[in-house]
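# Coordinate analysis (summary)
As a plain string of letters, each chain reads:
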Amino acid sequence: MSHLLVTNLHKQFAGKPPTTAIDQLSFEIEEGEFVVLLGPSGCGKTTTLRCLAGLEKADAGTITLGGRTWFDSARRVALPPEKRNIGMVFQSYALWPHMTVRRNIGYPLRARRKKGQDAARWVEEAAALVGCQNLLDRYPAQLSGGQQQRVSLARSLVSRPDLILFDEPLSNLDAKLREDVRAQLHELHRRLRFTAVFVTHDQSEALALAERVAVMREGRFEQIGTPHEVFEHPATEYVADFIGLSVRLEATRTDGITRLAGVAADGRLPAPVRHGEFVLRARPDDLRIGPTAPALPTMTTVPVSIVDKVFGGRTIDVYVRLGEQRVHARIPVDDTYGWVRGLRAGDEVVLGFRPENVR
Ligand code: ADP
Ligand code: MG
């Protein structure tokens, strides 16, 4: 039996015109599972979390957890947030500035009237889990952003909740810290196996943390699957674009020849039709450039011209013109770097890709 079961959840906001924030959403989550909702700003991620938490009331649908009904519009059941044993972690750490770390972490326990020795021990355990046991007597203003987010993580864990909701919790951290806290969260979940719904617009974060990813678009799920499934077999162009297959090539196939943006390709390419038009998708990292087709012997190639190049440390971004299209290739900085660095706008080169990397 699934742990969290959501059926036909629907939420509209009044306005002219009204906004459908969640559109007949149904999904199930197993106990201990880590599910990520991935989608762009405005697609309904926060509204979904707020409905799960009971902070927002859906117009229709049901939410049950462990067989207990939290929300059922038809039966007029709507448990208030404090009756749902949930932990929440937000982008803004949402710590009380006038409370010490100890009191902040213990807040959910006091809200549930859990006091005394046990409560004190649970606070210390939660603090130890995220490595902030030495910060217990400080105030939030005395902590760095990363420390504040760890405190807020400890607060979400302290009441041993049935479900933890994360709303873009890493977005306010700088890149290095974001990876540290992400790794720590991954490790915590591996040890504690709490049930989690984690919301983000960052595909690498989603792929790193999720056991299942739901790619969200305009209040609906476009695809649900393991990170591997979604990454390797995106069901739609929208999903493909969102998980990094950002290179879009207009293709036509006639008389056994595939043309990309009107330019004949040399080599194999996947073609869903024997005759006609289709769209191919690829990742910039999977593309290569070479002086001539024989220089990329294992690849399918098309002639292109250089538009621009941007140095990025370990990689160099090369923009090329293919017919009327501009294509972005990300080339690793290795022994071919000297050649790539010497390129000038207008130079004629070839763009290469392996057929198996093209969708
Ligand atoms: P996300 O978290 O994915 O960025 P949200 O759930 O915040 O998306 O918003 C989904 C849609 O609902 C957006 O179009 C947003 O403008 C709208 N919306 C969210 N909250 C409200 C509200 N309180 N009143 C009116 N519209 C809202
Ligand atoms: Mg949001």
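Okay, so let's go over this structure. Quantities reported herein were computed from a predicted structural model and do not represent experimental measurements.

## With respect to the layout of surface pockets
In this structure, the largest pocket spans a volume of roughly 490 Å³. Every residue lining the largest pocket is counted, 18 residues in all, and those nearest its centre are Ile 86, Met 88, Tyr 107, Pro 108 and Arg 112. Secondary structure elements with two or more residues in the lining of the largest pocket: β7 (86–90), α2 (101–111) and α4 (145–157). The dominant element in the lining of the largest pocket, judged by the number of residues it contributes, is β7, at four residues. Its residues assigned to classes, the lining of the largest pocket comprises eleven nonpolar, three polar and four charged. Taken as a whole, the second largest pocket holds about 200 Å³ of empty space. For the second largest pocket, the full set of lining residues is Trp 122, Glu 125, Ala 126, Leu 129, Leu 157, Val 158, Arg 160, Pro 161, Leu 192, Arg 193 and Phe 194. The element contributing the most residues to the lining of the second largest pocket is helix α3 (residues 116–129), with four residues. Considering only residue class, the lining of the second largest pocket consists of eight nonpolar, no polar and three charged.

## Considerations on the sheet that holds β7
In space, the six strands of this open sheet follow the order β7-β8-β9-β3-β10-β11, with mixed pairing throughout. Both edges of this open sheet fall to β7 and β11 (220–225), since each of them pairs with a single strand only. The sheet shows a mean angle of 15° between the axes of neighbouring strands, taken without regard to direction. Pairing geometry for strand β3 (residues 34–38) and strand β9 (residues 196–200), over five bridges, is parallel. Among the inter-strand pairings, Leu 38 is bridged to a residue of β9, identified as Thr 200. The sheet contacts of helix α1 (residues 45–53) involve β3, β7, β8 (163–167), β9 and β10 (212–217), and relative to β8 the element is tilted by about 150°.

## A few points about the side chain of Thr 258
Along the chain, the position of Thr 258 falls in strand β13 (residues 257–260). Look at Thr 258 and you get buried, because its relative accessible area is 5%. Side chain to side chain, Thr 258 and Arg 253 meet in a polar contact 2.7 Å long. Leave out the neighbours within four places in its chain, and Thr 258 touches Ala 251, Thr 252, Arg 253, Val 263, Ala 264, Ala 265, Leu 269 and Phe 278.

## Observations concerning the nonpolar core
Phe 34, Ile 105, Phe 166, Leu 185, Phe 194 and Phe 198 are the most contacted members of the largest nonpolar core, which totals 45 residues. Looking at this core element by element, the count peaks at five residues for α3. The contact partners of Ile 105, leaving out residues within four places of it in the chain, are Val 123, Ala 126, Ala 127, Cys 132, Leu 136, Val 151, Ala 154, Arg 155 and Val 158. Counting residues in hydrophobic clusters, the runner-up holds 30 residues, among them Leu 9, Val 35, Leu 79 and Leu 163.

## Structural notes on the pairing of β10
Residues in a regular strand point their side chains to alternate faces of the sheet. As paired strands, β3 and β10 are joined by four bridges and run parallel to one another. Counterpart to Leu 37 in the pairing with β10 is Ala 214. Examined bridge by bridge, β10 and β11 share five bridges and lie antiparallel to one another. Along β11, the bridge assignment pairs Val 215 with Gln 223.

## Some remarks on the site of ligand 1
Ligand 1 sits among Phe 13, Thr 19, Ala 21, Pro 40, Ser 41, Gly 42, Cys 43, Gly 44, Lys 45, Thr 46 and Thr 47. In this structure, an oxygen atom belonging to ligand 1 sits 2.6 Å away from a main-chain N or O atom of Gly 42. At 3.1 Å, a backbone N or O of Gly 44 approaches an oxygen atom of ligand 1. For ligand 1, whose free accessible area comes to 560 Å², the fraction covered by protein is 60%. Only β2 (19–29) and α1 provide two or more residues apiece to the shell around ligand 1. At three residues, α1 tops the list of elements feeding residues into the shell around ligand 1. By residue class, the composition of the shell around ligand 1 is four nonpolar, six polar and one charged.

## Here we look at the packing of α2 against α3
A pair of packed helices can be characterised by two numbers: the angle between their axes and the separation between those axes. Viewed as axis vectors pointing N to C, α2 and α3 meet at an angle of 120°, and their least axial separation amounts to 9 Å. On the basis of the axis angle, α2 is oblique to α3. Two packed elements cross with a definite hand, and for α2 against α3 that hand is right-handed. Counting all contacts with α2, which are made through Arg 102, Ile 105, Gly 106 and Leu 109, the residues of α3 involved are Ala 119, Trp 122, Val 123, Glu 124, Ala 126 and Ala 127. A class-by-class count of the residues in the contact of α2 with α3 yields seven nonpolar, one polar and two charged.

## Overview of α3
Helix length check: α3, at 14 residues, gives a terminal C-alpha distance of 20 Å against a target of 20 Å (1.5 Å per residue), a fit within 8%. Turning to α3, its buried residues are Ala 119, Trp 122, Val 123, Ala 126 and Ala 127. Projection of α3 onto a plane perpendicular to its axis shows the buried side chains occupying an angular sector of 130°, all on one side. If you follow the buried residues of α3, they end up packed against α2 and α4. Phi for Gly 131, located one or two positions after α3, is positive at around 70°.

Cut-offs and rules
- Residues numbered from 1 in each chain as written.
- Chains lettered and ligands numbered in written order.
- Predicted model: local features only at pLDDT ≥ 70, side-chain atom pairs only at ≥ 80, totals over all residues.
- Heavy atoms only, no water.
- 1 Å grid on protein atoms, 1.4 Å probe; cavity = no way out; pocket = protein on both sides within 12 Å on 5 of 7 lines; lining within 4 Å.
- Points joined across faces, edges and corners; volume = space filled by probe spheres on them.
- Helix = DSSP H or I, 4+ residues; strand = E, 2+ residues; numbered from the N terminus.
- Nonpolar A, V, L, I, M, F, W, Y, C, P; charged D, E, K, R; others polar.
- Pairing = 2+ DSSP bridges.
- Axes fitted to C-alpha atoms, helices over the stretch in contact; angles between N-to-C directions.
- Contact = heavy atoms within 4.5 Å.
- Buried < 20%, exposed > 50% of the residue type's maximum accessible area, 1.4 Å probe, protein only.
- Polar contact = N/O pair within 3.5 Å; in protein donor to acceptor, adjacent residues only side chain to side chain.
- Core = buried A, V, L, I, M, F, W, Y, C linked by side-chain atoms within 4.5 Å.
- Near = heavy atom within 4 Å.
- Areas by Shrake-Rupley, 256 points an atom, 1.4 Å probe, with all protein chains shown as cover.
- Parallel < 35°, antiparallel > 145°, perpendicular 65-115°, else oblique.
- Left-handed = near helix turned anticlockwise from the far one by under 90°.
- Expected span 1.5 Å × (residues − 1).
- Arc of directions from axis to C-beta.

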